[in-house]
Structure formats: C-alpha cells, structure tokens
Amino acid sequence: MKFNFFSLAFFLLFIAQVFTQDGPLVSVTVSPEVLMPGIPLNLTFVIDYSDPEDVTVIAPPLPSTLTMDRIVKYPMMLGTQLRTVVEYRLIPNTGGLITLGSFSIQTPQGITETHSFSLIIQNPVTEQRSAVHRLFWEGNPTGQAAAGDRITLILRAQSWTSGQPPASFFMPEVPHGVILASQNLSAGERAGGIILKLTLIPLAAGDFNLPARTLEYNDVRFEIPALHIRVNNRN
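Residues numbered from 1 in each chain as written. Predicted model: local features only at pLDDT ≥ 70, side-chain atom pairs only at ≥ 80, totals over all residues. Heavy atoms only, no water.

1. Details of the packing of aromatic side chains
Thinking step 1. Here the structure, examined in full by the defined rule, presents six aromatic pairs.
Thinking step 2. When the ring of Phe45 is compared with that of Phe103, the centres are 5.0 Å apart and the planes differ by 50°; the resulting orientation is tilted. With a gap of 58 residues between them, Phe45 in strand β3 (residues 41-47) and Phe103 in the loop between β7 (96-100) and β8 (104-107) connect regions that are remote in the sequence.
Thinking step 3. Note on Phe103 and Phe117: the rings are 6.0 Å apart at their centroids and 70° apart in plane angle, and the pair reads as edge-to-face. With Phe103 in the loop between β7 and β8 and Phe117 in strand β10 (residues 117-121), the pair connects residues that are 14 residues apart, well separated along the chain.
Thinking step 4. Counting every residue linked through ring pairs, the aromatic cluster contains Phe45, Tyr88, Phe103 and Phe117. (Phe/Tyr/Trp six-rings, centres within 6.5 Å; stacked < 30°, edge-to-face > 60°. Helix = DSSP H or I, 4+ residues; strand = E, 2+ residues; numbered from the N terminus.)

And the structure:
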C-alpha cells in the first residue's frame, strides 16, 4: 500500500487533535471535511508507537446514528519514525450532531485517553421542484372572429389542487384595439378546473395575440400557452 507522507503530515499538522498523557502521543483526524448521511467517514489515530501488535484501541459505545463498517490497523513510516495507524470507518445513518465518547489507546508505554468527539453530519440539500400545471385555452375553436364579436375565452387546467391563486393573478396584459375583461367564477367552475374566464370584444380587424407565459405561485408553476385569433371585418 502506497502512502503520501507529505500530504498526510500536512493534514495532521493543521487538522489533528493531539493527545498525550501517561501513554504514547496520539494524533486524531476526521475525514472527509464535510460529513453526510450514508457517506463513510474515517476516524484515524496515528500513535507514536512502532509495533501495531502491541497497540489496543478501546472504543466507546457507538450511538445508533453510527454504523461500524471496519477497523484497520497498520504500521506507517512518518519521517524517520515508524508509527501505528488505526482507522475506524463509520457510516452516519442520519444528519445532526453526533457525540462520541473518549477512546482509550493502550501500549506498553502506558494508556492515552482522548477527549470526546462531536461530529456534525450535514443533511444533503435537496432541490425543491415546483409542481407544474400546464393550462390550455377553451373557446373560439376556429381561431377567427369578426370585429365587434363578443367572445368568451376560458383558461383551464387539466388537474387542480387546493390553494389556487385568484383569477386576477392570471390576467394577461390587454392588447391594443380590444376590450378584454375578466368574468367572475363560481365555486363550481373553479372546482372544475377553470382558472380564468375572459370576455373578448375585438374593435377592429387584425390579429389578437396573447403570448405564452410562465407564472410562479408559491411552489407551483403555471405554463400558459399562446393564443392567436384572426379578427376580420364584419360583412
């Protein structure tokens, strides 16, 4: 197994907690830097003692929020000294603060007790997706009208949920050359999926256009298609 001594030494210098009492010098690191549920973390002890066979690490009881995956113990040459490395691979089950009690490291030199460890397990950020309602226009199926006609246009949803915004929320900008007014909706019409009911009166020949729009309301996105009506002169 190949190890990068410089990287490990740099990491220990700036990240490690170091303990020394009646026993050997012990450095402890936790990796990776950001801990998340389901992602293994390594609790690594570097012990200032050369023979792994004479090193015993006694762990505290693990909380139910951590699962033990494996324990590895091996010698490592750091600088000119041979030391013992003990790695605990643990898997967090949930997010939040996890506290581990102290570990006891025993060698013929004596016993070193670590402090307790507080691990912050971050819950992953989930992308909040908006519900999407694709709306459609009803009324004037031919796409043609005559100037002065009175036309009813209905904006409807395929499916509907509670908490819908008022009809005025969907009111489009009124183009030039027309009268466009919103009608009141009954409770039955709203329950049936009608979003908006408009009265259109074109005043002159030409094209009546409402562009496609996308509106956001709380966590709901409404996609409104374009509407085009060809207005002819009245015969």
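From this point on, the discussion continues.
2. A look at the layout of surface pockets
Thinking step 1. Its volume calculated, the largest pocket comes out at about 190 Å³.
Thinking step 2. Lining of the largest pocket is provided by 11 residues; of these, Glu33, Leu35, Ser118, Leu119 and Ile120 occupy positions nearest its centre.
Thinking step 3. A total of four residues in the lining of the largest pocket trace back to one element, the largest contributor, which is β10.
Thinking step 4. Here the residues of the lining of the largest pocket sort into seven nonpolar, three polar and one charged. (1 Å grid on protein atoms, 1.4 Å probe; cavity = no way out; pocket = protein on both sides within 12 Å on 5 of 7 lines; lining within 4 Å. Points joined across faces, edges and corners; volume = space filled by probe spheres on them. Nonpolar A, V, L, I, M, F, W, Y, C, P; charged D, E, K, R; others polar.)

3. Considering unusual backbone geometry
Thinking step 1. Here the amide bond leading from Ser31 into Pro32 is cis, since omega sits at 0°, within 30 degrees of zero.
Thinking step 2. Structurally, Pro32 is set in the loop between β2 (26-31) and β3.

4. Notes on the environment of Gly143
Thinking step 1. On the secondary structure map, Gly143 appears in the loop between β11 (131-138) and β12 (144-146).
Thinking step 2. Sequence separation of Gly143 and Phe208 is 65 residues, and the distance between their C-alpha atoms is 9.7 Å.
Thinking step 3. Once you skip the residues sitting within four places of it in the chain, Gly143 turns out to touch His228, Ile229 and Arg230. (Contact = heavy atoms within 4.5 Å.)

5. Section: the sheet that holds strand β15 (residues 194-202)
Whenever strands of a sheet pair, they do so through backbone hydrogen bonds, lying parallel or antiparallel.
Thinking step 1. The strand order across the open sheet formed by six strands is β14-β15-β13-β11-β18-β17, and the pairing between neighbours is mixed. The sheet is open, and its two borders are formed by β14 (178-182) and β17 (213-217), each paired with just one other strand. Averaged over all adjacent pairs, the angle separating strand axes in this sheet is 25°, with direction ignored.
Thinking step 2. One ladder, built from five bridges, connects β17 with strand β18 (residues 220-224); its direction is antiparallel. Bridge pairing in β18 links Glu216 to Arg221. (Pairing = 2+ DSSP bridges. Axes fitted to C-alpha atoms, helices over the stretch in contact; angles between N-to-C directions.)

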